[in-house]
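# Observations on the model geometry
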Amino acid sequence: MMELHLQEHDLNDLIHSSLALATDRLQLNGIRLEEYYAEEKIMLTVDDEKIRIALLNILINAIEAMMPGKGVLTVNTYAEGKSAIIRIQDNGTGIPEENKSRLFDPFFTSKTKGTGLGLTSTQNIIINHKGHIQVESTIGEGTTFIITLPAN
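What this report covers is the structure whose coordinates are included nearby.

Thresholds, definitions, all that
Residues numbered from 1 in each chain as written. Predicted model: local features only at pLDDT ≥ 70, side-chain atom pairs only at ≥ 80, totals over all residues. Heavy atoms only, no water. Helix = DSSP H or I, 4+ residues; strand = E, 2+ residues; numbered from the N terminus. Buried < 20%, exposed > 50% of the residue type's maximum accessible area, 1.4 Å probe, protein only. Core = buried A, V, L, I, M, F, W, Y, C linked by side-chain atoms within 4.5 Å. Polar contact = N/O pair within 3.5 Å; in protein donor to acceptor, adjacent residues only side chain to side chain. Contact = heavy atoms within 4.5 Å. 1 Å grid on protein atoms, 1.4 Å probe; cavity = no way out; pocket = protein on both sides within 12 Å on 5 of 7 lines; lining within 4 Å. Points joined across faces, edges and corners; volume = space filled by probe spheres on them. Nonpolar A, V, L, I, M, F, W, Y, C, P; charged D, E, K, R; others polar. Pairing = 2+ DSSP bridges.

Take unusual backbone geometry next. Positive phi, normally seen in glycine, also occurs at Phe107, with a value near 70°. When you line up the elements, Phe107 lands in the loop between helix H3 (97-100) and helix H4 (118-128). The exposure class of Phe107 is exposed, given its relative accessible area of 62%. Not every positive phi belongs to a glycine, and Lys130 is a case in point at roughly 60°. Looking at where Lys130 falls in the secondary structure, it is placed in the loop between H4 and strand S6 (132-138).

Written out as structure tokens, the structure is:
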């Protein structure tokens, strides 16, 4: 069990600070960022540092999956009942069906330089926050990660 330093944070602030860490990569790859944020304030009790790591792993994977100059990264936040939803969508290559079930397996990677631990640790962080993460992907169209976390 990982040790969490829980504090109350605004969902949109967490997303902004995670995106700020990926700004250089977005610009280097000429990726357009589309942001759609919940209008109401959604508060979460989370370890902000760990959540940022989890989100950054997904953002970096999304950036790396897209064609430089043609990429569109869409980030969306909203509330659904007592849950906060974060959707991170790319228009990259998509994930083959046979890889989808293994995405969160330790050491599974389709990257030449990947360790296969990014999404494993991302999933562990989300689960430790009593949330869950799901993936939707279509080859040639892109991938969407949907993270659900309990809202206050």
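That shown, we press on.
Further remarks concern the nonpolar core. The biggest cluster of nonpolar side chains holds 38 residues, and the ones touching the most others in it are Leu44, Leu73, Ile86, Phe145 and Ile147. The set of elements that each furnish at least two residues to this core consists of helix H1 (11-28), strand S3 (43-46), helix H2 (48-65), strand S4 (72-80), strand S5 (83-90), H4, S6 and strand S7 (142-150). At nine residues, the largest contribution of residues to this core is made by H2.

Turning our eyes to something else, we now look at the side chain of Asp90. Assignment of secondary structure puts Asp90 in strand S5. A polar contact of 2.8 Å, which involves the side chain of Asp90, links it to the backbone nitrogen of Gly92. Beyond its immediate chain neighbours, meaning those up to four positions away, Asp90 contacts Ala62, Ala65, Met66, Val72, Glu141, Gly142 and Thr143.

This part covers the layout of surface pockets. If a probe as big as a water molecule is rolled over the atoms, it shows which places are left empty. The space that makes up the largest pocket amounts to roughly 580 Å³. Lining the largest pocket are 27 residues, and of these Asn61, Leu103, Ser110, Lys111 and Leu119 lie nearest its centre. When contributions to the lining of the largest pocket are tallied by element, the ones reaching two or more residues are H2, H4 and S7. Across the lining of the largest pocket, the residue classes break down as twelve nonpolar, twelve polar and three charged.

To continue, consider the pairing of S6. Burial of the side chains of S6 is restricted to one face: Ile133, Val135 and Ser137 are buried, whereas none of His132, Gln134, Glu136 and Thr138 on the reverse face is. Bridge count between S6 and S7: seven bridges; the pairing is antiparallel. When the sheet's bridge partners are listed, Ser137 is paired in S7 with Thr143. Between the end of S6 and the start of S7, which pair antiparallel, lie three residues, with Gly140 showing a positive phi angle near 80°.

The next subject is the environment of Gly92. Tracing the backbone through its elements, the reader meets Gly92 in the loop between S5 and H3. Along the backbone, Gly92 and Ile125 are 33 residues apart, and their C-alpha atoms lie at a distance of 25 Å. With sequence-adjacent residues up to four places away left out, Gly92 is seen in contact with Ala65, Met66, Gly140, Glu141 and Gly142.

Along the chain, Thr144 falls in strand S7. Residue Thr144 is classed as buried on the basis of its relative accessible area, which comes to 7%. For Thr144, the residues in contact, after removing those within four places along its chain, are Arg87, Ile88, Gln89, Gln134, Val135 and Glu136.

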